There are 2 protein chains.
Amino acid sequence: MRNAIDCISVLLKIIWHICMLVKTELASTIQQTYKMDKKTSVTIHDIARELNISASTVSRALNNNPRISQATKDKIKALALKLGYQPNIIASNLRNQKTNTIGIVVPLINRHFFSTFISGVEDVAFEAGYNVIISQSNDLFEKEKQIVHSLFSNRVDGMIVSLSMQTQQFDHFQLFSKKNIPLVFFDRVAPQLDADKIIVDDFACGFKATQHLIDQGFKRIAHLAGPTALNTYKARMEGYRSALEKNNLPVNDELIIFNRLTRMDGQQAIKQLLALDTPPDAVFCGNDTSALSIIVYLKSIGIRVPEDFGIVGFSNEPFSEVVTPSISTIKQPAQEMGQKAAELLIFEIEHKENPRKYQTITMPTELIVRESSLRKS
Amino acid sequence: MRNAIDCISVLLKIIWHICMLVKTELASTIQQTYKMDKKTSVTIHDIARELNISASTVSRALNNNPRISQATKDKIKALALKLGYQPNIIASNLRNQKTNTIGIVVPLINRHFFSTFISGVEDVAFEAGYNVIISQSNDLFEKEKQIVHSLFSNRVDGMIVSLSMQTQQFDHFQLFSKKNIPLVFFDRVAPQLDADKIIVDDFACGFKATQHLIDQGFKRIAHLAGPTALNTYKARMEGYRSALEKNNLPVNDELIIFNRLTRMDGQQAIKQLLALDTPPDAVFCGNDTSALSIIVYLKSIGIRVPEDFGIVGFSNEPFSEVVTPSISTIKQPAQEMGQKAAELLIFEIEHKENPRKYQTITMPTELIVRESSLRKS
DNA sequence: CTGAAAGCGCTAACAC
DNA sequence: GTGTTAGCGCTTTCAG
């Protein structure tokens, strides 16, 4: 018995040693791979050594510094190409205190307005030699804060932001303003923020949409408002109210419903509205999604749009054009807004002025009249 | 006369000097501003000096190195907070040869599939402490090449790519494979590429869609194919052909139309198909956009969908659900694909294996049957 | 026109 | 536990 146990114990020890051997073997392989990795990365020093010149000359040549003779430039560039040299931008960034990177913070990337905006930013940024790093706040204040800190630590040269739905404080942006790093807000902005802003005139849009419904002969117009903590939804609602007043129509609070404008919200809202003693005959919705769900519901209960009920949405989502009936809506120039934001930001990055003057750029919008509101040709 | 000229010359000199003075003044102001900027940026050395300890201790403390006593950690962290210390990640990146950044290359950011995919990537990346930097190739080969080089120079730790429509060569990706930087392709991939891939089974999807039309009693089924240089469109078409063959239906080349699947393309294609001697009674479209335009056209000329003509699209664009008739389509799990791609990439970044084994992950798809193809309940 | 040297801010091997 | 020191790869004075 004893013997057997001893035997096993010895065996185990042997196995253990084998394991250890394998492990060190593996470790050294990894080590070697690592070294190989490093060797494949050619630096300006490698080029310098090969040509018996200094690294600074190589650096200057590759940056087209006029003080270097054409001959050496050619020599250096040729070798760089041959060796497959790729500059380490991280090192350059550290030295230059500039990353050529701009950060974007949006609530959600996969919303048509935002992704189109980002596309516009990317276009301009790429042309100007900037990278774009994006993050989504998912409409959460805490995540927005984290993102902003992270982008700061990553030393972005500037940042473009649309606020989360929950954001009411703005301390986290002071990091940027204190270090004089340009900041451009768009769409969802805060009035109390001293910064550049790219917006549309949501008030005018709300007015325009409502006036259009009035012009089409609708008499009792309701409004689906988004969270009025956000400047955009608040202004749209105020535009709506103002249009009613201007036309001497009563502003009736039971006709204004506040929610988050999801499809569910839209359906609930229209049910609630139709249950009123004197229900409305039209509604201006804070977005197209809710407008859509209202159309679907009305169709399902046999109310005709626009004959019996008029609808105007907001944002010109891709589906608005193709549903039946197609949805009248307000078109925001998302791509152009992105381009403009990027242009403005990059300009400020490259021409930092002190003291700064903040601009607010209002982009043009368009009321697109489609079937859902068109009773008169 | 002479006097006058002398006078002017002296005046000019004076003005010149004033200018110079102003210039130096300005320069020093700028200098000062610069220094102020620098001073506001607190580093670990500032913390170290203040506490009479070394920078390395500070570094270790902030990174929660267990070798530092809790007491000093607390002291350091408290001061860091007080001074508003923000780590310079660029410096850390350079030193660590790691950027915690992953690059994404897509044809177009503001396409629902891609932006949703990106959103999925961002979710996972953020959780794992990675930044996401995105670029769009605009379906141009040259731009794709530039982007890939730029991302490499920016030392991304890994990259996620969907190829441009024009891409036929893949040399630009060797930068990454040579340095053993993980690379994950998705959706539009190249079979000859040795890399990880996240795809759906486009062949099976094409088959499924076509089989569904057959099951619904459609007899003569056409196909709108995208550019077959892309694996996705090619496989969809092959699935279509295979389904016909399996059901002993003839594969008729005049029923297969190749284009870029825009709305225009869709309209042209359907006209062409209806002009045939024996036109089809259904079509499987390579995407939802072309399916939509066909529906619109058929409605306009009084052909009923699905009674007279069946349609299946691809991708489950948001509008597909809400148009009338709603479009039967294939749903790709874009968000999940993005999450999976990010998980895979990050895993490979953090567990670099040598030699690498490349995986191809096929994500599940779903045929969503809606009105445009449903003749039998 | 080119080189030497210092340093961007952080980390980690090595020493004590 | 903490300090010393040496870089990561690049740019940029300053000096010749």
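Residues numbered from 1 in each chain as written. Chains lettered and ligands numbered in written order. Predicted model: local features only at pLDDT ≥ 70, side-chain atom pairs only at ≥ 80, totals over all residues. Heavy atoms only, no water.

Chain A goes by LacI family transcriptional regulator in an unreviewed UniProt entry, where it is assigned to Sunxiuqinia elliptica.

Draft legend 1. Layout of the overall build of chain A. Across its full length, chain A carries 13 helices and 12 strands. By the burial criterion, 51% of the 377 residues in chain A qualify as buried. Considering only residue pairs separated by 6 or more positions, chain A has 73% of its internal contacts joining residues 24 or more positions apart. Surface accessibility of chain A: about 18,400 Å² in total, with carbon and sulfur atoms responsible for 54%. (Helix = DSSP H or I, 4+ residues; strand = E, 2+ residues; numbered from the N terminus. Buried < 20%, exposed > 50% of the residue type's maximum accessible area, 1.4 Å probe, protein only. Contact = heavy atoms within 4.5 Å. Areas by Shrake-Rupley, 256 points an atom, 1.4 Å probe, with all protein chains shown as cover.)

Draft legend 2. Representation of the packing of helix α2 (residues 44–51) of chain A against helix α3 (residues 55–62) of chain A. Residue and element names in this part refer to chain A. α3 packs onto α2 with a crossing angle of 110 degrees between their chain directions and a minimal axis gap of 8 Å. One element, α2, and the other, α3, form an angle in the roughly perpendicular class. Crossing hand, α2 versus α3: right-handed. Residue-level contacts link I44, H45, I47 and A48 of α2 to A55, V58, S59 and L62 of α3. Class assignment for the residues of the contact of α2 with α3 results in six nonpolar, two polar and no charged. (Axes fitted to C-alpha atoms, helices over the stretch in contact; angles between N-to-C directions. Parallel < 35°, antiparallel > 145°, perpendicular 65-115°, else oblique. Left-handed = near helix turned anticlockwise from the far one by under 90°. Nonpolar A, V, L, I, M, F, W, Y, C, P; charged D, E, K, R; others polar.)

Draft legend 3. Up close: the sheet that holds strand β6 (residues 221–225) of chain A. Residue and element names in this part refer to chain A. The strand order across the open sheet built from four strands is β7-β6-β8-β9, with neighbouring strands paired in parallel fashion. Only two strands of the sheet have a single partner each, and these edge strands are β7 (256–258) and β9 (310–312). Geometrically, the sheet is characterised by an average inter-axis angle of 15 degrees between neighbouring strands, direction not taken into account. In terms of strand pairing, β6 meets strand β8 (residues 282–285) through four bridges, oriented parallel. (Pairing = 2+ DSSP bridges.)

Draft legend 4. Broad picture of the side chain of B:N131. Within the element layout of this structure, B:N131 appears in strand β2 (residues 131–136). Judged by its relative accessible area of 8%, B:N131 is buried. Polar side-chain contacts of B:N131 include one of 2.9 Å to the side chain of A:N154. (Polar contact = N/O pair within 3.5 Å; in protein donor to acceptor, adjacent residues only side chain to side chain.)

Draft legend 5. Region of the structure containing the domain arrangement of chain A. According to the domain assignment, chain A contains domain 1 (35–86), domain 2 (99–200 + 334–363) and domain 3 (202–332). The straight-line distance from the C-alpha centre of domain 1 of chain A to that of domain 3 of chain A is 64 Å. (Domains from an automatic or database assignment.)

Draft legend 6. Structural context of the sheet that holds strand β9 (residues 310–312) of chain B. All names here are of chain B. Pairing in this open sheet of four strands is parallel, and the strands run β7-β6-β8-β9 from one edge to the other. Across the chains shown, the open sheet's two edge strands, defined by having one partner strand only, are β7 (256–258) and β9. Put simply, the sheet's adjacent strands are angled 15 degrees from each other on average, direction ignored. Strands β6 (221–225), β8 (282–285) and β9 of the sheet are contacted by helix α9 (residues 202–215), whose axis makes an angle of about 165 degrees with β8.

Draft legend 7. Here's a closer look at the protein's contact with DNA strand C. Taken together, the neighbourhood of DNA strand C is formed by 28 residues, with A:T57, A:R67, B:S59, B:Y85 and B:R95 sitting nearest. For DNA strand C, a phosphate oxygen lies 2.7 Å from a polar atom in the side chain of B:S59. For DNA strand C, a phosphate oxygen lies 2.5 Å from a polar atom in the side chain of B:Y85. Residue assignment for the surface near DNA strand C shows that the elements contributing at least two residues are α3 and α5 (89–96) of chain A together with α2 (44–51), α3 (55–62) and α5 (89–96) of chain B. Of all the elements, α5(B) adds the most residues to the surface near DNA strand C, at four residues. Residue composition of the surface near DNA strand C, by class: seven nonpolar, 15 polar and six charged. (Near = heavy atom within 4 Å.)

Draft legend 8. Representation of the pairing of strand β3 (residues 158–161) of chain B. All names here are of chain B. Going residue by residue along β3, you find G158 and I160 tucked away on one face and M159 and V161 tucked away on the opposite face as well. Pairing geometry for strand β1 (residues 101–106) and β3, over four bridges, is parallel. Its bridge partner lying in β3, V105 is registered against V161. Note: β3 against strand β4 (residues 183–186), three bridges, orientation parallel. From the neighbouring strand, I160 faces β4, where its bridge partner is V184.

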